[in-house]
Structures are given as C-alpha cells and as structure tokens.
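Close look at the chain arrangement
So you can see what is in the structure, the chains are spelled out below.
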Amino acid sequence: MVEGLHFCHSMGVAHRDIKLENVLVSSDGYVRLCDFGLAKKFDEKRQERTTRATDGGQRRTMRHSRMVGTPDALAPEVMSIDIALGADRDYGASVDWWGLGVMLWEMLHGSTPFDDENHAKVQKKIVEDVIEVPAATDAAAAALLTKLLVRDPAARLGAGPSGTADLKAMDFWQPLSWDKVYERAYPAEWIPPEARGG
C-alpha cells in the first residue's frame, strides 16, 4: 500500500478513498489498490506545487476542495470543508496517509477509530475527539498510527519534506526491506485460492 500510494502521489494522483474494501490480493499474493473512482489528478498549473524531496525525488503538494470518500475514513481536513460552511478550505494527497492510518487501525483492532452508525457522530469524532490508541497496541504500531492520524495534514507522516521516506523508516515495518517489497521478492503469506488452481 505504501509503495502504491507513493507511486500515485508521484504521478500527481490522490486516491481519496483508502479503505480495506479498495485493497485486493493479486495472484502473486501482493496487494493492489483498486477503485480509483474518486481519485483525482490535480491541475498542475493551479492546484499543485512540486518541491524537491530530501531523497532527490519529487514531492507533490496537491490541493482539492470537494468532500468525497467513505465517511469513516475521511481525513479531518476533508470534513472541515463541510463544517466550515463555505469557508475556502482545501486538502491534498495527505488524505491518503490518513486513510492508511484508519485502515491499519481497522486491521489491528477490528473497527475504525471513529466507528459509529450515525454519520454526523463519525464526522464529529474525526474532527474533534481525542484519538487514543488502545493500550494493548504494540508500541511500534501505536507510534505509526499516532503519526498517521494527525489532524494537521502538513504534520502528518508522509506529508513532510521527506515524503514516504519518513513513513518507511518507522519501526513498525522492521525488518522489512522496501527494495524487496518493490521487487516482490518476499514469498507471499497467502495466495488467493483461484490463483492456486482451486
């Protein structure tokens, strides 16, 4: 997911709907991001600023100002568009890093941190409630979740000048080799039954 989002962002695209339902396991056992129906390629002249990342790559700061996505996974800056009642708010690709944090939380804890049947309450929780990682959470996972679920999009992990380099350096991923992930050199933990011939 991290490599996939890094690629999308490097191409000037924000997915804007990161959730478990939009992740598939391919026949080689690696995940694939799907459903780009809400993805947005930003107008480079009007809504994007490109800066040089510390790793020598390009880091794109993209902006958009429309509320789209799945309610439980929407970043607070997206919710603020609606709450601001017409105030000129915008958001960028950092919404995908928030979505990754919500998705990882759901994988680790069985529900999103803002789970509620009432969408208005979900929205309020995302924008206002204190986000407390459950005490039983592994320290490395807690640190990652805490840095992904930062309400200030500029301070969110993955959004800084180093881009995904800071995200990849988190202890949560150790002893993972990002080069091996990129090359798909790790044996898959699980292969879909259809891919195994059964």
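Residues numbered from 1 in each chain as written. Predicted model: local features only at pLDDT ≥ 70, side-chain atom pairs only at ≥ 80, totals over all residues. Heavy atoms only, no water.

Turning to the packing of helix H1 (residues 2–10) against helix H3 (residues 94–109), a few remarks are in order. Between H1 and H3, the shortest axis-to-axis distance is 11 Å and the interhelical angle comes to 165 degrees. When the interaxial angle is binned, H1 and H3 end up roughly antiparallel. Pair H1 / H3 crosses with right-handed handedness. In contact with Val 2, Leu 5, His 6 and His 9 of H1, H3 contributes Asp 96, Trp 97 and Leu 100. For the contact of H1 with H3, the per-class residue count stands at 4 nonpolar, 2 polar and 1 charged. (Axes fitted to C-alpha atoms, helices over the stretch in contact; angles between N-to-C directions. Helix = DSSP H or I, 4+ residues; strand = E, 2+ residues; numbered from the N terminus. Parallel < 35°, antiparallel > 145°, perpendicular 65-115°, else oblique. Left-handed = near helix turned anticlockwise from the far one by under 90°. Contact = heavy atoms within 4.5 Å. Nonpolar A, V, L, I, M, F, W, Y, C, P; charged D, E, K, R; others polar.)

We now examine the confidence of the model for the protein. The predicted coordinates should not be examined in detail at positions where pLDDT is low. Predicted confidence across the protein gives a mean pLDDT of 83, with 78% of residues reaching 70 or more. Highest mean pLDDT in the protein belongs to helix H5 (residues 139–148) (98); lowest belongs to strand S5 (residues 48–52) (39). Per-residue pLDDT stays below 50 along residues 43–66; that stretch engages in 59 contacts with residues further than four places along the chain or on separate chains. The model gives residues 83–88 a pLDDT under 50, and that stretch makes 4 contacts with residues more than four places away or in other chains. (pLDDT = per-residue confidence, 0-100.)

Looking at the element boundaries, Leu 149 is found in the loop between H5 and helix H6 (164–168). Linking Leu 149 and Val 95, residues 54 residues apart in sequence, is a C-alpha distance of 9.9 Å. Ignoring sequence-local partners within four residues, the contact set of Leu 149 consists of Trp 98, Gly 101, Val 102, Trp 105, Pro 113 and Ile 131.

If you look at the biggest cluster of nonpolar residues, it comprises 33 residues, and the most contacted ones within it are Leu 100, Leu 144, Leu 148 and Leu 167. Residue assignment for this core shows that the elements contributing at least two residues are H1, helix H2 (76–83), H3, helix H4 (119–128) and H5. Among the elements that make up this core, the one with the highest residue count is H3 (8 residues). Other than its neighbours up to four places away in sequence, Leu 167 contacts Val 2, Trp 97, Leu 100, Leu 144, Leu 148, Leu 157 and Trp 173. (Core = buried A, V, L, I, M, F, W, Y, C linked by side-chain atoms within 4.5 Å. Buried < 20%, exposed > 50% of the residue type's maximum accessible area, 1.4 Å probe, protein only.)

The full count for this structure, using the stated rule, is 3 aromatic pairs. Between Trp 98 and Phe 114, the ring centres sit 5.8 Å apart and the planes meet at 10 degrees, which makes this aromatic pair stacked. Of this pair, Trp 98 sits in helix H3 while Phe 114 sits in the loop between H3 and H4, and the two are 16 residues apart along the sequence. Each of the two residues, Trp 98 as well as Phe 114, counts as buried. (Phe/Tyr/Trp six-rings, centres within 6.5 Å; stacked < 30°, edge-to-face > 60°.)

The next subject is H3. Between the first and last C-alpha of H3 there are 23 Å, a value that for 16 residues agrees with the 22 Å anticipated at 1.5 Å per step. Where burial is concerned, most of H3 is hidden: 12 out of the 16 residues are buried. Looking at H3, one finds that the buried residues are Ser 94, Val 95, Asp 96, Trp 97, Trp 98, Gly 99, Leu 100, Gly 101, Val 102, Met 103, Leu 104 and Trp 105. (Expected span 1.5 Å × (residues − 1).)

What follows is about unusual backbone geometry. At the junction of Gln 174 and Pro 175, the peptide bond is cis and its omega measures out at 5 degrees in the coordinates. You can see Pro 175 is positioned in the loop between H6 and helix H7 (178–183). Its identity is not glycine, yet Arg 16 carries a phi of approximately 70 degrees, on the positive side. The residue Arg 16 is located in the loop between strand S1 (13–14) and strand S2 (23–25) in this model. Despite not being glycine, Asp 35 has its phi angle at roughly 55 degrees, a positive value. Position of Asp 35 relative to the elements: it lies in the loop between strand S3 (31–33) and strand S4 (40–41).

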